[in-house]
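# Understanding the architecture of this molecule
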Amino acid sequence: NGSGDRIVFISDCHGSPDVWIMNSDGTERKPLYKGAGEEHDPLFLSGDDTVAFISVSEETEGESPGRFSLLSVDVDGKDVQNLMPEKYRYKQLFMAHLERLAPHNYVYFQGRFLDDGRRSPYVVLTVDLEKQKVRQMAIRGVDILDPVLR
């Protein structure tokens, strides 16, 4: 977090990758979120009292990918929310490399739409957490990998 007194991280000590938090000296370690699948890329949002992360539900049929979601939870492990606007929540969307664009209330990540069995190029998607708007940045036919925005 901004003050450096807490660390948010992923641990699989209970069998699957889940979101945890602890003090920077290693004390008061506790799980924040345990989903049915895997969680990754946790980060503190502005105010340091909320953690955003990517959650991947388990595959349900054959070769289909799991369902990716952008979620948040408060540092007490309560009040879990889906941060993606409604129209994006049910799309087949791969998400990775979640980052916060400071000082704004935006997050961004590398993504790839997987609808209809076709794979689009990797793009950068930004999410305005206040306005619930998604913006897609892409170059036609070119993958954008490991983005860093400033």
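Residues numbered from 1 in each chain as written. Predicted model: local features only at pLDDT ≥ 70, side-chain atom pairs only at ≥ 80, totals over all residues. Heavy atoms only, no water.

## A closer look at the overall build of the protein chain
Looking only at helices and strands, the protein chain features 0 helices and 11 strands. Its helices and strands taken in sequence order, the protein chain reads β-β-β-β-β-β-β-β-β-β-β from the N to the C terminus. Taking all 150 residues of the protein chain together, 39% fall into the buried category. About 8800 Å² of surface is accessible on the protein chain, with carbon and sulfur atoms providing 46% of the total. (Helix = DSSP H or I, 4+ residues; strand = E, 2+ residues; numbered from the N terminus. Buried < 20%, exposed > 50% of the residue type's maximum accessible area, 1.4 Å probe, protein only. Areas by Shrake-Rupley, 256 points an atom, 1.4 Å probe, with all protein chains shown as cover.)

## A word on the sheet that holds strand S4 (residues 38–44)
Pairing within the open sheet is antiparallel, and its 4 strands lie in the order S4-S5-S6-S7. A single partner strand is all that each edge strand has here, and the edge strands are S4 and strand S7 (81–82). By the bridge criterion, 7 bridges tie strand S5 (residues 50–56) to strand S6 (residues 68–74) in an arrangement that is antiparallel. Counterpart to Ser 55 in the pairing with S6 is Ser 69. (Pairing = 2+ DSSP bridges.)

## Re the sheet that holds strand S9 (residues 106–113)
Spatial strand order, S8-S9-S10-S11: 4 strands in an open sheet with antiparallel pairing. This sheet does not close on itself; its edge strands, each paired only once, are strand S8 (93–101) and strand S11 (133–137). On average, adjacent strands in this sheet sit at an angle of 25° to one another, irrespective of strand direction. Relative to S11, strand S10 (residues 123–128) is paired through 5 bridges, and the arrangement is antiparallel. If you follow Val 127 over to S11, its bridge partner there is Val 134. (Axes fitted to C-alpha atoms, helices over the stretch in contact; angles between N-to-C directions.)

## A look at the side chain of Glu 39
Summarising the element assignment, Glu 39 is placed in strand S4. The buried charged residue Glu 39 lacks any salt bridge partner; its closest oppositely charged side chain belongs to Lys 34, at an N-O distance of 7.2 Å. There is a polar contact of 3.5 Å between the side chain of Glu 39 and the backbone nitrogen of Gly 35. For Glu 39, the contacting residues outside a window of four places in its chain are Ile 10, Pro 17, Asp 18, Val 19, Tyr 33, Phe 53, Ile 54, Ser 55 and Val 56. (Lys, Arg positive; Asp, Glu negative; His and termini not counted. Salt bridge = Lys/Arg side-chain N within 4 Å of Asp/Glu carboxyl O. Polar contact = N/O pair within 3.5 Å; in protein donor to acceptor, adjacent residues only side chain to side chain. Contact = heavy atoms within 4.5 Å.)

## Considering unusual backbone geometry
If you check the backbone angles, Glu 28 has positive phi at about 55° while not being a glycine. By secondary structure assignment, the location of Glu 28 is in the loop between strand S2 (18–23) and strand S3 (30–33). In this structure Glu 28 comes out as exposed when scored by relative accessible area, which is 64%. Positive phi outside glycine occurs at Asp 79, with the angle close to 55°. A relative accessible area of 48% means that Asp 79 is categorised as partly exposed.

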